Every structure is written in C-alpha cells, then in structure tokens.
Amino acid sequence: MDEDDHIAAPGDAAGRGAPGKGPGRRPATRGVTMETVGRLAGVSQVTVSRALSDPSKVSPKTLAKIREAIEMTGFVPNALAGALASSRSKLISALVPSIRNVVYSGMVQSFSAVMRDSGYQIMLSETGFEPEDEEKLIEAHLSRRPDAMMLTGIHHSAQARRMLLGADIPVVEVWDITDSPIDVCVGFSHTETGRAVADFAYAQGYRQAGCVSAGDERARRRMRAFSERFTRLAGGEIPVAQFESQASLERGRQGLAQLMDGQGFTGGVVFCSSDLLAHGVLVEARTRGLDVPGQVAVIGFGDQDFSAFVSPAITTVRVDMSAFGQSAARAVLERIEAQGGTQSVIDLGFEIVARESS
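Remember, predicted model here, so these are calculated numbers, not experimental data.

What counts, and at which threshold
- Residues numbered from 1 in each chain as written.
- Predicted model: local features only at pLDDT ≥ 70, side-chain atom pairs only at ≥ 80, totals over all residues.
- Heavy atoms only, no water.
- pLDDT = per-residue confidence, 0-100.
- Contact = heavy atoms within 4.5 Å.
- Phe/Tyr/Trp six-rings, centres within 6.5 Å; stacked < 30°, edge-to-face > 60°.
- Helix = DSSP H or I, 4+ residues; strand = E, 2+ residues; numbered from the N terminus.
- Buried < 20%, exposed > 50% of the residue type's maximum accessible area, 1.4 Å probe, protein only.
- Pairing = 2+ DSSP bridges.
- Axes fitted to C-alpha atoms, helices over the stretch in contact; angles between N-to-C directions.
- Salt bridge = Lys/Arg side-chain N within 4 Å of Asp/Glu carboxyl O.
- Core = buried A, V, L, I, M, F, W, Y, C linked by side-chain atoms within 4.5 Å.

J.: So what exactly am I meant to see when it comes to the confidence of the model for the chain here?
T.: Atomic detail in the predicted coordinates should be set aside for any region of low pLDDT. Scored by pLDDT, the chain comes out at a mean of 88, with 88% of its residues at no less than 70. Scored below 50 in pLDDT, residues 1–29 makes 18 contacts in the model with residues more than four places away or belonging to other chains.

And the structure:
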C-alpha cells in the first residue's frame, strides 16, 4: 500500500482533523476493523470473521487475501468478542507478591510455560504483601474475565474469597497448603518447615538460636514454628530480628547486628527466612571477625542460585519452584477441561540441604 493510499475514517478528510478538533489533535477513529480488512481483501466482514474463527470454512485463496490484508493493516482480532462467543478468554491471571523475588519468578516462569503450550496467555500482576492490595488486583483481573487464576498463598481477604467463589473459575493457590482451599492448592507446609529446621539444628548440636525474618506472613509462620520447636528442645527464648520490608542483603547484616547488639545473642544458629538474608548474616559475621559455623551458624530458605557458591556455602531449605508452577498449571488445565480427578491439596514438600554454613 502506498503512503497516500490509506483508508480514512469517517470525518477524517485526507488524514486531517475532524470538525470540532483543535489543530494538532488526533481525530476520533475506530482504528482498523474487520470491515477495513474485508474491503482490502475484497470480501465481506462476515467472511473475515469466519476466516478468523474457523479458517477451514474459507477457501485457501480467500484466506490468503485476508491474511495479506491483516498483515498490511496490523489488525488485531478482538479476543474479548471471541471469548463472548466461546466462553473462553484464553487468559490466565497470575498474582505474585514480588516480581523481583526469584522464588516467585521461577514459579511463574514454569507455570506460564505449561499454560502457553496449551494455548493460554498470562496476565501477571505484583500484589505486594498486603491483603487489601491483593483484593483490588483480584477485582481488576476478574473484570477481564480470565479463564482461571493463580494466587500466591492461602490467606486472602473475605471479599477476595467471595469474588473468587462468585466468579466460578478454577483458582489455584500456590506456595502454601490448607485443608480448605478456594479450589486447589499446591505447595508445602511452612509450619512443618520451621519445625524441621529446628530439629535439624538441634541434631547438629546447636543449643542457642536466633531468627532474622522478612515481614510476609509465610516467613513469620516459619520463624514462629522454628522458635517454638527449638525452645521446646533446647530451652530459652529465641531472639528475632524482623523486618516489614522485603528481604535484602542489607537487612541480613542489620538482622545479625540487632540480635548481637540489642537482643543478647552471643552465638549459635541463625535461621533466616530467605537465602538473601542468610547471605547478609554471613557478611556481617565475617565483618565482625566471627567464625562461621564455629561461632555463628547460618541456615537460609529457598536454595537460590548463589547459595551453593558463596563462602561458606549456605545451608538452606530447598523447594522445587519449577515443580510448583508445573503442578499448578496442570491442576488449572484439568479443571478448565473438566477432566476431574485433581486432588484439592497437592503437597510437594521441602528438603533441608546441609552445606558449610552450619
């Protein structure tokens, strides 16, 4: 198509502004439509619609003309209109607390890969850790009529649960488990994780402990379970340095400083709610000239990519992020296709990986 051979919208004379519009203002247009594509291809709008919905119903010659017209115009079919006819939007919502956190990003990546292979696309949003913020995003996503939704965790506001139940779509809650999921949950027990770490630390010979934790609810549950079990095993109170912000290396350094300078921690094992915090604790311990693990031992959570390669390598709790995402996707697909048979609680467990830091 030549530069001058364009299709003008009603009221757009040779590309100039429509009456009532000021100079330089873009005229009101409908953009490229199926009617535009049909005129270029020399067929009716109905034929274009038929070619998009079921190409087998259109002759190869006509289909080639329509595809050429679509390529020339950059036309994008209205997916919502197709969804109204098929009751499927082919969109899956995914809500995670943090896009930067590799724990969540790795999970979403594997979830998305399985969904894309089945013809679905992902709408991703970052919720933060406040239930009210998650509730607003759930409402926004539901207004786009997704075919299913993936949420992180099992704790949501009462209104969020009502909206999700009222939407009557598959909902998978990942990264945690409960006996009463909205639909299906895929994850592991954070409480059992904390208890298992306490048992491990006590079996290693540690009798003093402290915790450094970020502020999200799941991290607090792990720390609380660790503290309760370790206190029962070894006695004494467990000091905790807790931050409301997300984990960082800086917070890890500050955490050990708080334990030692303000809470009377003189040595022992420090359980951290993430490997990033554990790395910060290691840096602060080395800065203070403390032997690791002789004076201060460190246990993290998440088994991030760097954890095996810092010095000393970090003892941590490994959870299979890819398996979580893949299992969640398979559960969603089974529910969308009404295949049945998917259990409502899928516990993938965890593993303590012993390394040099403890």
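J.: Help me understand the packing of aromatic side chains, please; the structure alone is not making it clear to me.
T.: Two descriptors summarise a pair of aromatic rings, namely the distance from one centre to the other and the angle between the planes of the rings. For the structure shown, the criterion picks out eight aromatic pairs. Judged by centre distance (6.1 Å) and plane angle (70 degrees), the rings of Tyr104 and Trp175 are edge-to-face. Residue Tyr104 is located in helix H5 (residues 102–117), and its partner Trp175 is located in the loop between strand E4 (171–174) and strand E5 (184–187); the two are separated by 71 residues in the primary sequence. Like Tyr104, the residue Trp175 is buried in the burial classification. Ring geometry for Trp175 against Phe324: centres 5.5 Å apart, planes inclined by 75 degrees, an arrangement best described as edge-to-face.

J.: Quick question: what am I supposed to make of the sheet that holds E4 here?
T.: Whenever strands of a sheet pair, they do so through backbone hydrogen bonds, lying parallel or antiparallel. Pairing is parallel across the open sheet formed by six strands, whose spatial order is E2-E1-E3-E4-E5-E11. Both edges of this open sheet fall to strand E2 (121–126) and strand E11 (345–347), since each of them pairs with a single strand only. Strand after strand, the sheet turns through a mean of 15 degrees between neighbouring axes, direction not considered. In the packing of H5 onto the sheet, the strands contacted are strand E1 (91–96), E2, strand E3 (148–152) and E4, and the crossing angle to E2 comes to about 160 degrees.

J.: Just checking my understanding: could you explain the pattern of salt bridges for this structure?
T.: Any two side chains of opposite charge can pair, on the condition that their charged atoms come close. Going through the model one piece at a time under the given rule, you end up with 13 salt bridges. Notably, a salt bridge pairs Glu250 with Arg251, separated by 3.6 Å at the nearest N-O pair.

J.: What am I meant to see in the sheet that holds strand E7 (residues 240–242) here?
T.: Pairing within the open sheet is parallel, and its four strands lie in the order E7-E6-E8-E9. Where the open sheet ends on each side, the last strands, each with one partner, are E7 and strand E9 (296–299). Strand-to-strand, the axes of this sheet are offset by a mean angle of 15 degrees, without reference to chain direction. Looking at chain direction, strand E6 (residues 209–213) and E7 are connected through three bridges and run parallel. Paired with Cys211 across the strands is Val240, a residue of E7. Its contacts with the sheet put helix H9 (residues 217–234) on E6, E7 and strand E8 (268–272), and the angle it makes with E6 is roughly 175 degrees. Lying over the sheet, helix H10 (residues 249–262) contacts E6, E7 and E8, oriented at roughly 145 degrees with respect to E6.

J.: Teacher, can you tell me more about the nonpolar core here?
T.: Generally speaking, soluble globular proteins have nonpolar side chains that are buried together. Membership of the largest hydrophobic core comes to 45 residues, with the highest contact counts inside it found for Phe111, Val172, Trp175 and Phe230. Looking at this core, the element that brings in the most residues is helix H12 (residues 321–336), giving eight residues. Dropping the residues within four chain positions of it, Phe111 is found in contact with Ile92, Ile122, Met150, Val172, Gly325, Gln326, Ala328, Ala329 and Val332. Grouped together as the second largest cluster of nonpolar side chains are 20 residues, Cys272, Leu282, Leu290 and Val296 included.

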